[in-house]
Every structure is written in structure tokens, then in C-alpha cells.
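Listed below are the residues making up each chain.
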Amino acid sequence: MGITKRVTLIISVILFLNLLSIFVPQAIVGKTVNASNASYIYAPNLEITNPPIDADGEIELTSAVAEYIRSVFANYRGYYDEIRKDVDQDAIAGRYTSNAFAVQQMHDYATVFSKGHAADGYFGHPVKHHYLRDHYDNPMIDNSLLPYTGGGEHHFVVIWHCDTATPYPGEYCSTCGSYTGLPYSYTRTNTMSTNGYTSPDSSGYAFVGFQGYSPQFLDPTGYGNNNYANFVSYLYYCLIQYDMSLNSALREASLYTLGTYDFASTWLYQLKIGYNPFNLMPRDTRIRILGDGYLEVA
Ligand SMILES: [Zn+2]
């Protein structure tokens, strides 16, 4: 063996040992080691001021929370292969689908956070589809994700837009040959627990969304000086910096920003009949935790 070959061999052994020392502790603490992880954070920041849904500062606060979530992933999930934040004009419908395509091509575990507005419509199909409203108010329709999500790589998804957790289970659409709604189109399971907080299903998938209106980040929670931006930031702080399960992180975020450890008793969790914060249409409203409250983000 020539010197060059021997040096190359030694270097590759050292590299291998380094890899082991990185990966073994993760195996010991029980973390699932995936080949490739990715986190996507969106803030389309479509500003709606007439009617006055987005108060002064809502857009800036949303961007700040998106940056906070990006930073906790960057600081505490350094092994992720992709941590991507798309805000304002970068948060367009085609970016949601191209990121899902990237997951299909390159990653086997993905998380998504998005905050903004939403609506639903038929788009010529026999049942309603849900859509997110992107920066230019173009629709990111639930079914546009279907070509890219069949592998079930999206394990933890938080979509802080209106109505993102309804209907669930999704309705069958004969035109699509599939089910409606973002919980299904991201996770590709239509059988998650519909109450993943009190009845976690151990599926390894969790979807956090809303029935009715999602509260604005500037809205006060009624506890101290907190608003819902604080709630979401605490949630990610506990999930990512402290590796808590979703349910534990919900309880901690609840304690610090809603004033009680009993998350199920909070304003956010309880169903509000005819909630109508914007004097638009009364909507029965609550946060919904679908799937696995035991989930820890990889
Ligand atoms: Zn359809």
C-alpha cells in the first residue's frame, strides 16, 4: 500500500469515527436518526386591512416569529440538511409545492410551519378544497401537494391559518381520487387521532391547525402581556431547544403564555361557538391537535 493510499485510508477511518461519535449519542437518547431532515417555515404576509384583519404590526410580528423558529432549528438542529424560511414575496404557492418536491427527492423527515390567511373553494371539484392564501393572494390548494407527499415524510406540521384542520378526516374527492384538507395532503394519513392532545395515537405524525379562525399573533392571550406570537414561540422553544414532546411543549407554552398548565382548559383549546373577532362571519373556533401528542421533533 502506497503512502497516499494509507493516508487516505486513515483519513476515512477518522471521518468514520467522527461520524459515529456524532450519531451514537443520538441513538442512546432514543432519537430517530433519519438520513436527511428538513424544516420549512413560511410567512406569506398577505396583509388584509379592509376589513381590518391584520392590525398594524401583525406582518412584522409574523416575520419575527418565523425568524425565531428558523433560528431555533439552526441552533439546535444543526444536523438538518435543509432549514428554509420563505417570507413575503418568497412565500408563494409554488414554493410550498417545490419544497414538498425537495422533500420527496432528498429528505425523509420534514417539518412545516406556516402562518397567514386561508379559505376554501370547489375549483370545479365535487367537494370543497382548502387553500392557503399566498403573498400575492394566489391559492396554495391542498391537492397541489399530493404529487409530492406520497412518501409520508411530513411528520410535524403546524399551519396557523384559518380552518386548516377541517374537515378531518378529509372528504373523498372523486376528481382528485384522494382526500381533501391539509392534514391529509401533508401527512397522507386520514386516520390520525382527531384529538391528539388527550388521545395521542403514537403514529409519529402530528398536525396542528384550526377549526374556524386562527387567532392573530397580536391578539392578547389574556394572561400577562402575552399574545399568540408568544405562545407559538414558546411552543418551538420547548419542542426544539428542549426536545419536549408536542403535548409537553403545549403544556409549557400554555403555562407561560396562557396562565395554566392545563392546556385543555384554555381559551385556545376550548371550542368557542360563533366566534367573530373581525365582524365577518361567526365561526365555531378552536385549535386542533391531530395525531400524536407524544411526538418529539426529530
Ligand atoms: Zn379534488
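The present account deals with the structure reproduced in this document. Values in this document were obtained by computation on a predicted structure and should not be read as measured data.

Description of helix α2 (residues 58–76)
- Look at α2: 27 Å from first C-alpha to last across 19 residues, which is about the 27 Å you get at 1.5 Å a residue.
- All of the buried residues in α2 are Glu-58, Ile-59, Thr-62, Val-65, Ala-66, Ile-69 and Phe-73. Looking down the long axis of α2, one finds its buried residues gathered within 130 degrees of arc, a one-sided arrangement. Opposite the packed face of α2, turned more than 90 degrees from it, sit the exposed residues Glu-60 and Asn-75.

Notes on the nonpolar core
- If you look at the biggest cluster of nonpolar residues, it comprises 67 residues, and the most contacted ones within it are Ala-206, Phe-207, Val-232, Leu-235 and Leu-239.
- Here this core gets 10 residues from one element, more than from any other, and that element is helix α5 (residues 228–241).
- With residues up to four places along the chain from it excluded, the contact list for Phe-207 reads Val-157, Ala-165, Pro-183, Tyr-186, Thr-187, Met-192, Leu-290 and Gly-291.

Let's talk about the sheet that holds strand β4 (residues 118–121)
- Strand order in the open sheet formed by 3 strands is β4-β5-β6, and the pairing between neighbours is antiparallel. Because the sheet does not close on itself, it has two edges, and the strands there are β4 and β6 (139–141). Mean inter-strand twist for the sheet, computed between neighbouring axes without regard to direction, equals 35 degrees.
- Sheet topology places strand β5 (residues 129–133) next to β6; 3 bridges connect them, and they run antiparallel. Across the sheet, residue Tyr-131 finds its bridge partner in β6, namely Ile-141.

Things to note about the sheet that holds strand β2 (residues 82–87)
- Strand order in this open sheet of 7 strands is β2-β1-β3-β7-β10-β12-β11, and the pairing throughout is mixed. Each edge of the open sheet carries a strand with a single partner, namely β2 and β11 (272–275). Taken pair by pair, the neighbouring strands of this sheet meet at an average axis angle of 15 degrees, ignoring direction.
- In this sheet, strand β7 (residues 154–160) lies alongside strand β3 (residues 109–115) in parallel orientation, the contact comprising 6 bridges. Directly across from Thr-111, in β7, lies its bridge partner Phe-156.

What about the packing of α5 against helix α6 (residues 246–257)?
- Orientation of α5 relative to α6, taken along the N-to-C sense of each, is 140 degrees, at an axis distance of 8 Å. Put simply, α5 runs oblique to α6. Our pair here, α5 against α6, has a crossing hand that is right-handed. The residues of α6 that touch α5, namely those facing Asn-230, Phe-231, Tyr-234, Leu-235, Cys-238 and Leu-239, are Leu-246, Ser-248, Ala-249, Leu-250, Glu-252, Ala-253, Tyr-256 and Thr-257.
- Of the residues contributing to the contact of α5 with α6, the split by class is 10 nonpolar, 3 polar and 1 charged.

Some points on the environment of Thr-175
- Examined against the element boundaries, Thr-175 turns out to sit in the loop between β8 (172–173) and β9 (178–179).
- Along the primary structure Thr-175 and Gly-124 are separated by 51 residues, whereas in three dimensions their C-alpha atoms are 8.9 Å apart.
- Those residues within four positions of Thr-175 in sequence are excluded, and the remaining contacts are His-125 and Pro-126.

Some points on the pairing of β5
- In terms of burial, β5 is a largely internal element, 4 of the 5 residues being buried.
- Examined bridge by bridge, β4 and β5 share 4 bridges and lie antiparallel to one another. Looking at β5, one finds that Asp-120 is bridged to His-130.
- Here β5 folds back onto β6, and the loop between the two strands holds 5 residues, one of which, Asp-137, carries a positive phi near 65 degrees.

Looking at the environment of Phe-210
- In this structure, Phe-210 sits in strand β10 (residues 206–211).
- Along the sequence, Phe-210 and Leu-268 sit 58 residues apart, while their C-alpha atoms lie 9.9 Å from each other.

Reading the values: the criteria
Residues numbered from 1 in each chain as written. Predicted model: local features only at pLDDT ≥ 70, side-chain atom pairs only at ≥ 80, totals over all residues. Helix = DSSP H or I, 4+ residues; strand = E, 2+ residues; numbered from the N terminus. Expected span 1.5 Å × (residues − 1). Buried ≥ 20, exposed ≤ 12 C-beta atoms within 10 Å, placed from the backbone. Arc of directions from axis to C-beta. Core = buried A, V, L, I, M, F, W, Y, C linked by C-beta atoms within 7 Å. Contact = placed C-beta atoms within 7 Å. Pairing = 2+ DSSP bridges. Axes fitted to C-alpha atoms, helices over the stretch in contact; angles between N-to-C directions. Parallel < 35°, antiparallel > 145°, perpendicular 65-115°, else oblique. Left-handed = near helix turned anticlockwise from the far one by under 90°. Nonpolar A, V, L, I, M, F, W, Y, C, P; charged D, E, K, R; others polar.

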